[in-house]
Amino acid sequence: MSAGYLLMQLELTGMTKIATKPSLENPFETKTELEFTVPGQIDYDPGLYESALQAGYDLQQRPRKMAGVKGIQKQHEKKRMTIWERIEVLADAGTEPKILYQNWGKNLDGASLVTAIVKVDGRDVAMYGHDFTVRAGSMDATNGSKLANLFKLAGKLGIPLVGMNDSAGAYIPAGVGGLDGYAEAFTALRHINGVVPSIMCMFGYNAGGGSYLPRQGSFVIQPNETFFGLTGPGVVKSVLGEDVTADELGGPSVHSKSGVTDFVVPDEVAALRKVKELLNYIPNNSAEAPAFQPTSDPITRRTWDVDLLLKKAFNSPTGFNTPFDISIIIQQMCDHGDFFEIQPERARNTVCALGRMGGNVVGFVANNSAVASGQIDIDAAYKNARFIRFCNVYNIPVIFMEDTTGFLPGKEQEAGGIVQAGRAMLDAIIDLRTPRFLMIVRNAFGGAYAAFNNYPTGADFVCALPTTRLAVMGPAGVEYVYKDEVRKIRSSVKPKIAELTAQNLKAGMPESEALKTAKDAVAAWQKQEELLLTQRYERELMNPNEALSLGSISQIVMPSDLRKVLGEQLELHLRAYKPEPMSGTQREFH
């Protein structure tokens, strides 16, 4: 009797118990041997050649299969895709990624990093992605060179770079070699900055160098329920004694407000779709202009909705002090109303966006009176500066829409460096070499006007709506322009109160009531007189007339003609503009 037969009998009679181990392997799967045949081959008799082909095929598949079923399942349980699934979502359907350095590393598994050239909407795009299922996507002593080689290739080919970051940082057992790997990647990525645009997706949990590297890119996209930062909550607890969650330390809600993250999306698929959407508006490199897209939306289309918006706003009880969302005007300007906002959750008092007019890509920098009266604070200034510099590098014309009462004053802003932030924005505007235009919507006061793209700072065309109120100061300027009249009104208050009080007492009023009635009447008189002065100031000085007479404004444009006028100016100046990399003197920048 065989041992196997005896064991079977024992199991059937319940005389023995064998521990059952769970397995993800399918016992019914039939394994077929791969045959290396050529079309028309009749028989198959494998030999040394076929063995070599089998070994080569196994090497091709090793990076894809290193995770195993368990590793893939763990990744999915964390609501993350594998790197290979991410590539499939990003790349055009039916195309194969051109994998580079596929068997990098001593284990011939790619060393936890995939680099490739993929097709995205028909364009070549360089991409890298950490394979978190292999050593947590960490950086060792060699794969920094693998990344650096990809970055150099992207610069040489002049194609955009996309990063899918999902890394725990440097591989600790690699010692200093892991840090050297990051340093090599940092350097190579910096060298192609301004040569090709780069878009970085933050997947999973990234720390240390895994945060520095992607922020060197042009744009960062972060899904919900992800983290990246210098260190994790554990290190913060041990060093500072603070209890903080990963989301509070480096989640999307933190980074989107500071500008470290440019876009927050629900999940990984949404992030990769955002990549495709952004690529649609940017060129391959700094020697090209963004792609022209033919449109059925005529550049002469009237923008009646802008007319309606301003009519409802300015005819309301609050008149010219009524706030409104400037993105509505941007929408009306763009082909079919499509535009792509940059950093939509940061500094909402300014709107930065990419759109198309007549098929040509154009950037928008617009004060948004719907938030904080469109005043320019520290965050708004830096948000504008960074976007303007990106447009400058990658040959994107810019339309500025001005509607602000000025820079935000106050102790907090001064302590935070509003002068430095304002300087950064002003420098970016002055340095802008692409076609640039200014459209004044309503308010343009003081230093904010002087620092916000105009003819002296290099604008190619300046126009204004009839609602423009351009002045050195807003209504507060009454105190200086009509100081004699204001002084006369205020010096008359006490005598008038005394005179009316005496009249009231003579009429038989009690003393307290006589004084109160006199004060109320004089206060109403003072308010009315100062209101008349303010209205006179607005009528005489807060208008586009002086600017028109000096040539500071080229023409008045009706709201319904905005798309036509600015679209034709855009086409005119683009015909003479030659896309090319930036050259010349490199000036200091904040």
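Throughout what follows, the structure given in this document is the object of discussion. (Residues numbered from 1 in each chain as written. Predicted model: local features only at pLDDT ≥ 70, side-chain atom pairs only at ≥ 80, totals over all residues. Heavy atoms only, no water.)

**What to know about empty space enclosed by the protein**
Under the convention used in this document: A cavity here means a set of points on a 1 Å grid, drawn over the protein atoms and nothing else, where a 1.4 Å probe fits but cannot get out; a pocket is an open set with protein on both sides within 12 Å along at least five of seven lines, and a residue lines either one if it has an atom within 4 Å of a point. Grid points are joined across faces, edges and corners, and a volume is the space filled by probe spheres set on the points. Three classes are used: nonpolar for Ala, Val, Leu, Ile, Met, Phe, Trp, Tyr, Cys and Pro, charged for Asp, Glu, Lys and Arg, and polar for all others, with Gly counted as polar.
For the coordinates displayed, the defined rule picks out 1 cavity of 30 Å³ or more. There is about 30 Å³ of room inside the largest cavity. What lines the largest cavity is L189, I192, N193, G194, V196, S198, Q216 and S218. Across the lining of the largest cavity, the residue classes break down as 3 nonpolar, 5 polar and no charged.

**Regarding the nonpolar core**
To keep it simple, the criterion reads: In plain words, nonpolar cores are sets of buried Ala, Val, Leu, Ile, Met, Phe, Trp, Tyr and Cys residues tied together by side-chain atoms within 4.5 Å. Between buried and exposed lies partly exposed: a residue is buried under 20% and exposed over 50% of the maximum accessible area for its type, with that area taken using a 1.4 Å probe on protein chains only. The helix count covers DSSP runs of H or I at least four residues long, the strand count covers runs of E at least two residues long, and both are numbered beginning at the N terminus.
The biggest cluster of nonpolar side chains holds 68 residues, and the ones touching the most others in it are V118 and F400. Per-element accounting of this core gives the leading share, 9 residues, to helix α14 (residues 378-393). Residues A313, F324, F461 and V557 belong to the second largest nonpolar core, which totals 30 residues.

**Comments concerning the packing of aromatic side chains**
To keep things clear, this is the line we draw: For Phe, Tyr and Trp, rings pair up if their centres lie within 6.5 Å, where Trp contributes its six-membered ring, and each pair is then called stacked (planes under 30 degrees apart), edge-to-face (over 60) or tilted (otherwise). Note on geometry: a ring has a charge over it if NZ (lysine) or CZ (arginine) is within 6 Å of the ring centre and within 35 degrees of the ring normal.
In the structure shown here, the tally under the stated rule is 14 aromatic pairs. Ring centres of Y205 and F227 lie 4.5 Å apart, and the angle between their planes is 25 degrees; this geometry places the pair in the stacked category. In this pair, Y205 is assigned in strand β6 (residues 205-207) and F227 in strand β8 (residues 227-229), connecting sequence segments 22 residues apart. On the basis of relative accessible area, Y205 is assigned to the partly exposed category, the value being 33%. With a relative accessible area of 3%, F227 lands in the buried category. Aromatic side chains F400 and F452 sit 5.4 Å apart centroid to centroid with 85 degrees between the ring planes, which places their arrangement in the edge-to-face category. Linking F400 in strand β13 (residues 398-404) with F452 in the loop between α17 (446-450) and β15 (461-464), this pair joins segments that are 52 residues apart in sequence. For the pair formed by F400 and F452, the shared burial category is buried. Ring pairs connect the aromatic residues F219, F263, Y281, F340, F390 and Y394, which therefore count as one cluster. When the ring centre of F132 is taken as origin, the NZ or CZ atom of R80, which lies over that ring, is 4.7 Å away. Lying across the ring of W525, K496 places its NZ or CZ 4.8 Å from the centre.

**A look at the sheet that holds strand β9 (residues 263-265)**
What counts here: Pairs of strands are assigned from DSSP output, requiring at least two bridges between the strands. The convention used is that axes are lines fitted to C-alpha atoms, helices contributing only their stretch in contact, and that angles between N-to-C directions extend from 0 to 180 degrees.
An order of β1-β2-β3-β4-β5-β7-β9 is seen for the 7 strands of this open sheet, with the pairing classed as mixed. Pairing within the sheet leaves two strands with one partner each, and these edge strands are β1 (98-100) and β9. Going from strand to strand, the sheet's axes swing by 20 degrees on average, the running direction of each strand aside. Relative to strand β7 (residues 219-223), strand β5 (residues 198-202) runs parallel, the two sharing 3 bridges. When the sheet's bridge partners are listed, C201 is paired in β7 with I221.

**Details of the side chain of S218**
Going by this rule: Should any heavy atoms of two residues lie within 4.5 Å, those residues are considered in contact.
Within the secondary structure layout, S218 lies in the loop between α7 (209-215) and β7. Setting aside anything within four residues of it in sequence, one finds S218 in contact with P197, S198, D262, R386 and F390.

**Some details on the side chain of N368**
The cut-off we apply is this: Counting of polar contacts relies on pairs of N or O atoms within 3.5 Å, with two restrictions inside protein: one atom must be capable of donating a hydrogen and the other of accepting it, and residues adjacent in sequence are counted only when both atoms are side-chain atoms.
Within the secondary structure, N368 is located in the loop between β12 (360-367) and α14. With a relative accessible area of 1%, N368 lands in the buried category. Reaching out from N368, the side chain makes a polar contact with the backbone oxygen of R348 at a distance of 3.0 Å. Each residue touching N368, except ones within four places of it in the same chain, is listed here: F324, D325, I326, R348, N349, T350, V351, S373 and G374.

**Remarks on the layout of surface pockets**
Within this model, the second largest pocket holds a volume of roughly 320 Å³. If you trace the second largest pocket, you find 15 residues lining it, with L470, A471, V472, E546 and A547 closest to the centre. Of all the elements in the fold, those that place two or more residues in the lining of the second largest pocket are α17, β16 (469-471), α21 (511-540) and α22 (545-550). No other element matches α22, which puts 3 residues into the lining of the second largest pocket. Looking at side-chain class alone, the lining of the second largest pocket contains 10 nonpolar, 3 polar and 2 charged residues.

**Quick word on the state of the cysteines**
Applicable threshold: Cysteine sulfur pairs qualify as disulfides if the two atoms are within 2.5 Å.
Under the definition given, this model contains 0 disulfides. A disulfide-free cysteine, C334 has its sulfur positioned 13 Å from the sulfur of C391, the nearest such atom.

**Digging into the packing of helix α5 (residues 143-157) against helix α6 (residues 176-192)**
Geometry of a packed helix pair, given as the angle between the helix axes and the separation of the axes. Selection criterion: Should an angle fall under 35 degrees it is taken as roughly parallel, and over 145 as roughly antiparallel, whereas 65 to 115 is taken as roughly perpendicular and any remaining angle as oblique.
Between α5 and α6, whose axes approach to 8 Å, the crossing angle comes to 5 degrees. Comparing their axes, α6 and α5 come out roughly parallel. In this structure, α5 uses G144, S145, L147, A148, F151 and G155 to contact α6, whose residues at the interface are G181, E184, A185, A188, L189 and I192. Along the lines of polarity and charge, the residues of the contact of α5 with α6 split into 7 nonpolar, 4 polar and 1 charged.

**Re a nonpolar patch on the surface**
Our working definition: For patches, a residue must show more than 30% relative accessible area and have no salt bridge; joins then use 9 Å for like charges and 5 Å for nonpolar side chains, namely Val, Leu, Ile, Met, Phe, Trp and Tyr. The Shrake-Rupley method, run with a 1.4 Å probe sphere, supplies the accessible areas, and residue values consider only the shown protein chains as cover. Whenever Lys or Arg places a side-chain nitrogen within 4 Å of a carboxyl oxygen from Asp or Glu, that contact is recorded as a salt bridge.
A surface patch of nonpolar side chains, about 490 Å² in accessible area, is lined by V472, M473, Y480, V481 and L541. Considering the arrangement of structural elements, one finds V481 in helix α18 (residues 478-481).

**Re the pattern of salt bridges**
Two side chains carrying opposite charge are able to pair once their charged atoms lie near each other. This model, assessed by the stated rule, comprises 23 salt bridges. Taking the shortest distance from any N to any O, the salt bridge between D124 and K119 comes out at 3.1 Å. For K119, a relative accessible area of 28% gives the class partly exposed. Residue D243 is joined to K237 by a salt bridge in which the shortest nitrogen-to-oxygen separation is 3.0 Å. Taking the relative accessible area as the measure of exposure, K237 reaches 40% and is therefore partly exposed. One salt-bridge network, in which partners are shared between bridges, spans R80, R86, D166 and E268.

**Some words on helix α2 (residues 48-65)**
The criterion, for reference: Under the convention used throughout, the expected extent of a helix is 1.5 Å for every residue step, that is, one less than its residue count. One fitted axis covers the seven residues ending at a residue, a second covers the seven starting there, and the bend at that residue is the angle between these axes.
Helix length check: α2 (18 residues) gives 25 Å between terminal C-alpha atoms against 26 Å at 1.5 Å per residue, within 8%. Approximately 25 degrees is the largest bend angle found in α2, and it occurs at L59, with the proline P63 only one to four residues beyond. What α2 keeps buried is the set E50, Q61 and P63. Where α2 is buried, its residues meet α4 (83-90).

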